[in-house]
Amino acid sequence: MRILSGIQPSGRLHLGNYFGAMKPQIELHHEHDCFYFVANYHALTSLTDGDAMREYSLEVAMAFLSLGLDPQKAILFRQSDVPEVTELAWILSCITPMGLLERCVSFKDKIERGLSPNHGLFAYPVLQAADILIYRPHGVPVGQDQKQHVEVTQDIQGKFNHRYGEVFVRPEPLIREEVAVVPGVDGQKMSKSYDNTIELFGKEKQVRKRIMSMVTDSTPVEDPKDPAKCNVFALLKLFADADERCQWEDRYRSGGMGYGEAKKRLFELFMEHLGPARQRYEQLTANPDEVEAILADGGRRARAVAQATMEDVRKACGIITART
Ligand code: ADP
Ligand code: TRP
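Note that this is a predicted model, so its numbers are computed, not measured. Throughout, residues of each chain are indexed from 1 in the direction in which the sequence is written. Chains and ligands are labelled sequentially in the order written, the chains with letters from A and the ligands with numbers from 1. Two thresholds apply to this predicted model, a pLDDT of at least 70 for residue-level local features and 80 or more for giving and counting side-chain atom pairs, whereas whole-chain, interface and lining totals are computed over all residues. Calculation of side-chain values draws on the structure's entire complement of heavy atoms; hydrogens and water are dropped beforehand.

Caption draft 1: Quick look at the layout of surface pockets. Grid points spaced at 1 Å and placed over the protein atoms alone form the basis of the search, with a cavity being a set where a 1.4 Å probe fits but cannot get out and a pocket an open set showing protein on both sides within 12 Å along at least five of seven lines. Lining residues have an atom within 4 Å of a point. Grid points are joined across faces, edges and corners, and a volume is the space filled by probe spheres set on the points. Approximately 1100 Å³ is the volume found for the largest pocket. Taken together, 45 residues line the largest pocket, and the ones lying closest to its centre are Gln-8, Asp-145, Gln-146, Lys-189 and Lys-192. Put simply, DSSP marks the helices as runs of H or I at least four residues long and the strands as runs of E at least two long, and each gets a number from the N terminus on. By residue number, the principal contributor to the lining of the largest pocket is helix H1 (residues 15-28), which donates five residues. Taken together, the residues of the lining of the largest pocket break down into 18 nonpolar, 20 polar and seven charged. A volume near 410 Å³ is recorded for the second largest pocket. Considering the residues around the second largest pocket, the lining is formed by 20 residues, among which Phe-201, Lys-203, Tyr-281, Glu-282 and Thr-285 are closest to the centre. Of all the elements, helix H12 (residues 259-285) adds the most residues to the lining of the second largest pocket, at six residues. In the lining of the second largest pocket, the residues fall into seven nonpolar, five polar and eight charged. A domain-level breakdown of the lining of the second largest pocket finds at least three residues from each of domain 1 (2-180 + 288-317) and domain 2 (202-283). For this scheme, ten residues count as nonpolar: Ala, Val, Leu, Ile, Met, Phe, Trp, Tyr, Cys and Pro. Four count as charged, namely Asp, Glu, Lys and Arg, and the remainder, Gly too, count as polar. The split into domains, and so the bounds of each, comes from an automatic or database assignment of domains.

Caption draft 2: Structural view of the pairing of strand E3 (residues 75-78). Along E3, one buried face is formed by Ile-75 and Phe-77 and the opposite face, lined by Leu-76 and Arg-78, is buried too. When DSSP finds at least two bridges between two strands, those strands are taken to pair. With four bridges connecting them, strand E2 (residues 33-38) and E3 associate as parallel partners. From the neighbouring strand, Val-38 faces E3, where its bridge partner is Arg-78. Relative accessibility decides the category of a residue: with a 1.4 Å probe and only protein chains considered, values under 20% of the type maximum give buried, values over 50% give exposed, and everything between is partly exposed.

Caption draft 3: A look at the domain arrangement of the protein. With domains assigned, the protein is organised as domain 1 (2-180 + 288-317) and domain 2 (202-283). Its C-alpha centre places domain 1 at a distance of 32 Å from the equivalent point of domain 2. Listed by partner, the interface residues are 11 residues for domain 1 and nine residues for domain 2. As a working definition, buried area equals the accessible area (1.4 Å probe) given up by two parts on being put together, with both sides summed. For the pair domain 1 and domain 2, the summed buried area comes to about 880 Å², and 74% of that belongs to carbon and sulfur atoms. If you sort the residues of domain 1 by the area they bury against domain 2, Leu-15, Phe-19 and Ser-66 come out on top, with a joint share of 56%. Salt bridges are counted wherever a side-chain nitrogen of Lys or Arg sits within 4 Å of a carboxyl oxygen of Asp or Glu. Counting every contact that joins domain 1 to domain 2 gives zero salt bridges. In protein, a polar contact requires one atom able to donate a hydrogen and another able to accept it; more generally it is a pair of N or O atoms within 3.5 Å, and residues adjacent in sequence count only if both atoms are side-chain atoms. Linking domain 1 to domain 2 there are two residue pairs in polar contact (both at pLDDT 80 or more). For the side of domain 1 that touches domain 2, the per-class residue count stands at seven nonpolar, one polar and three charged. Two residues qualify as a contact provided that any one of their heavy atoms is within 4.5 Å of a heavy atom in the partner residue.

Caption draft 4: A look at the state of the cysteines. Criterion for a disulfide: a pair of cysteine sulfur atoms within 2.5 Å. What the rule picks out here adds up to zero disulfides. Summary of cysteine pairing: Cys-104 is not part of a disulfide, and the nearest cysteine sulfur, belonging to Cys-94, is at 17 Å. With a relative accessible area of 0%, Cys-104 lands in the buried category. Unpaired in terms of disulfides, Cys-230 finds its nearest cysteine sulfur in Cys-246, a separation of 16 Å.

Caption draft 5: Main features of the site of ligand 2. Taken together, the neighbourhood of ligand 2 is formed by 14 residues, with Gln-8, Tyr-124, Gln-128, Asp-131 and Gln-146 sitting nearest. Side-chain polar atom of Gln-128 to a nitrogen atom of ligand 2: 2.9 Å apart, as the coordinates give it. Within the side chain of Asp-131, an N or O atom sits 2.7 Å from a nitrogen atom of ligand 2. Working definition of accessibility: Shrake-Rupley area with a 1.4 Å probe, residue cover restricted to the visible protein chains. Protein chains bury 90% of the 370 Å² of accessible surface belonging to ligand 2 in isolation. If over half the atoms of a molecule are within 2 Å of the grid points of a cavity or pocket, the molecule is regarded as sitting in it. Placement of ligand 2 is best described as lying within the largest pocket. Counting only elements with at least two residues in the shell around ligand 2, the list comes to strand E1 (2-7) and helix H7 (119-133). The element contributing the most residues to the shell around ligand 2 is H7, with four residues. Here the residues of the shell around ligand 2 sort into seven nonpolar, six polar and one charged. Residues are labelled near a given molecule or strand when at least one of their non-hydrogen atoms is within 4 Å of it.

Following this line, the structure appears as structure tokens:
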């Protein structure tokens, strides 16, 4: 099966990105034909600082590699190394009804949070549809918040094929229920935009501080507590094995346990689980040329696939260029 997904380099990566997107994506690459990319054109809709764009783009690529992605098995690349995607975005724009984009919650959300409604932000899902359709994947592993964007892609794919013939494959969102929405330190969805994240590659001291400051209710230590209502437990259960998860559930329910203890264990589990990746990340930081070479190679491989699709697209639409 062909799989594709992208991550925006719009800020520091966090546990929501890890459990909701990167971990499942990396697991899939052992069995499937995977394309993963740094969505830098998408990040331009919200990030206007060029240095930050460069830094975060490298971070996304280094995160994939240090978390275990083998660049021989999967294609890891930068969105901007395949310029055909912006050409396809324009072609798809011409069959995308305004109403489809006006209904997108992610656009409405960003406006409510004060981002200025530029055209890129509005057209974001069309570029995402181009990103997806150009590689003809069957599955798109993402967190819950991206489900609507994949559904918009399905709509656009249906319209295009209906008008021009069977050019694109219908992609399905692949969402893991248990990690669909990972909560942040305040209990809301963890997100760069809410300043409630625990960063994957943050300094150890900073990670500890973030975890120890997680918001909990004021149930006294001796009273029983409901693990289902606690965001510390929500993260703990993502790291712990089944036995340990049950033990913590019992400890919550029987009382006599303070939230501080659960937080301490969460910090330990974070370090145990992510320690090796954090070390590899440090090593890669010292070798940006190695990362650049991997991205350049991935870009060439991805572009060859995109170029073949674009020949079919142009032919179907009657767009003639001297290139083809
Ligand atoms: P953010 O909300 O921090 O800006 P992105 O939109 O860049 O994160 O998300 C990148 C990927 O990580 C997407 O597939 C998204 O669905 C997933 N993701 C982000 N936050 C979470 C979360 N809290 N829970 C589950 N998945 C998430
Ligand atoms: N919109 C996605 C996000 O914010 C990033 C993205 C861009 C993407 N293009 C994609 C995800 C294509 C999946 C497939 O997380």
